[in-house]
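Examination of the molecular architecture
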Amino acid sequence: MRLELLASSFGNGEAPSQRQHLSCIVIDDVVAFDAGSLAFSCSDRQREQIRDVIISHSHLDHIAGLPLFLDDLFSTLTGPVRVHAKAEVIEVLERDVFNWSIYPKFSELSNSNGPVLEYRPFLAGNPFTIKHLTFKPIDVNHMVSSVGAIISDGKVCVGITGDTAHTEAIWKEFNDCEDLAAVLVECAFPDDLTDLAAVSHHLTPSGLASELAEFARPGVPVYAINLKPMYRDQIVEQIGKLGIADLHVLEIGRPYDF
Ligand SMILES: [Zn+2]
């Protein structure tokens, strides 16, 4: 399974910046898990192939690229882009984003081939299949209704927490996943901002270490994602000091094969 955390911006020259403002993980170049940077940094191949987008929750950094992705594709789509999310997240998208004021209500629009946006609501705990991939959404503890997921391609599984504070249940799910090849876990703030992390339901390196104490799969690599860009250097240093084997920071804009 190939995963790529798309770049939020491009720094020196054309190299992807490691500052992550937005969240969008592309799986096997066909499905996007969150759409933060989807329209901005996907490759032409990804833009051509991605017609399924899973939204973990409604925060801006996870949805920012979705309206523009639909806009880019509007006239060329031969079938709708399918947005998979919990019903309450779909409700927020329709009420607060695709409301004609912020952006067009694409769910009511068609091009010459038919509808351009279709919602596929899911329930946490109920797996669903997109192409060769199976997704099991798992509720996590964040400010708004949010899910992480276990993604399987039939050979390996990868776990993604999405944005979350302490969530015991997801580690149990990861522990029980037979072919687990990697876990991507958020770590948004440095330890100095533990209070801010607590009120915004995010993790710090110390919080991440506490979560990993519940992770009983030695040898399975863990990658930190969703580091707030202004604190990235501090967070990377503090994660390094934890001295936890197989704990890394995921590189932005680099495809990983698991
Ligand atoms: Zn969030």
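The structure this text deals with has already been given above.
Keep in mind that what you see is a predicted model, and the values were worked out from it rather than measured.

Considering helix H9 (residues 232–242)
Within the span of H9, buried status applies to Ile235, Gln238 and Ile239. Taken end-on, H9 shows its buried residues confined to a sector of 100°, consistent with a single buried face. Pointing more than 90 degrees away from the buried face of H9 are the exposed residues Asp233, Glu237 and Lys241. Buried positions along H9 lie against helix H8 (205–212), strand S14 (222–225) and strand S15 (247–249).

A short note on the environment of Val158
Considering the arrangement of structural elements, one finds Val158 in strand S12 (residues 157–160). According to the C-beta neighbour criterion, Val158 is buried, with 26 such atoms within 10 Å. Once the C-alpha coordinates of Val158 and Ile170 are considered, the two residues, 12 residues apart in sequence, prove to be 12 Å apart. Contact partners of Val158, with chain neighbours within four places excluded, come to Met1, Leu3, Ile151, Ala181, Ala182, Leu184 and Phe258.

Structural notes on the sheet that holds strand S16 (residues 256–257)
Spatially, S8-S5-S4-S3-S2-S1-S16 is the arrangement adopted by the seven strands of the open sheet, whose pairing is mixed. Here the strands that pair on one side only, and so sit at the sheet edges, are strand S8 (117–121) and S16.

So, the sheet that holds strand S9 (residues 128–130)
Taken together, seven strands build an open sheet; the order of strands is S9-S10-S11-S12-S13-S14-S15 and the sheet is mixed. Edge positions in the sheet fall to S9 and S15, since each has one partner strand and no second. Strand-to-strand twist across the sheet, computed as the mean angle between neighbouring axes with direction ignored, equals 25°. When S9 meets strand S10 (residues 133–140), the two strands line up antiparallel, connected through three bridges. Within S10, the residue paired with Thr129 across the bridge is Thr134. Sheet strands in contact with helix H6 (residues 168–176) are S10, strand S11 (146–152), S12 and strand S13 (180–186), and its direction is about 150° off that of S10.

A closer look at the nonpolar core
Counting residues in hydrophobic clusters, the biggest one holds 70 residues, and the most contacted among them are Ala32, Ala35, Leu38, Val53, Leu184, Cys187 and Ala224. With five residues, the single largest contributor to this core is S13. With near-sequence residues (within four places) excluded, Ala32 lies in contact with Cys24, Val26, Leu38, Ile50, Val53 and Ile54.

What counts as what
Residues numbered from 1 in each chain as written. Predicted model: local features only at pLDDT ≥ 70, side-chain atom pairs only at ≥ 80, totals over all residues. Buried ≥ 20, exposed ≤ 12 C-beta atoms within 10 Å, placed from the backbone. Helix = DSSP H or I, 4+ residues; strand = E, 2+ residues; numbered from the N terminus. Arc of directions from axis to C-beta. Contact = placed C-beta atoms within 7 Å. Pairing = 2+ DSSP bridges. Axes fitted to C-alpha atoms, helices over the stretch in contact; angles between N-to-C directions. Core = buried A, V, L, I, M, F, W, Y, C linked by C-beta atoms within 7 Å.

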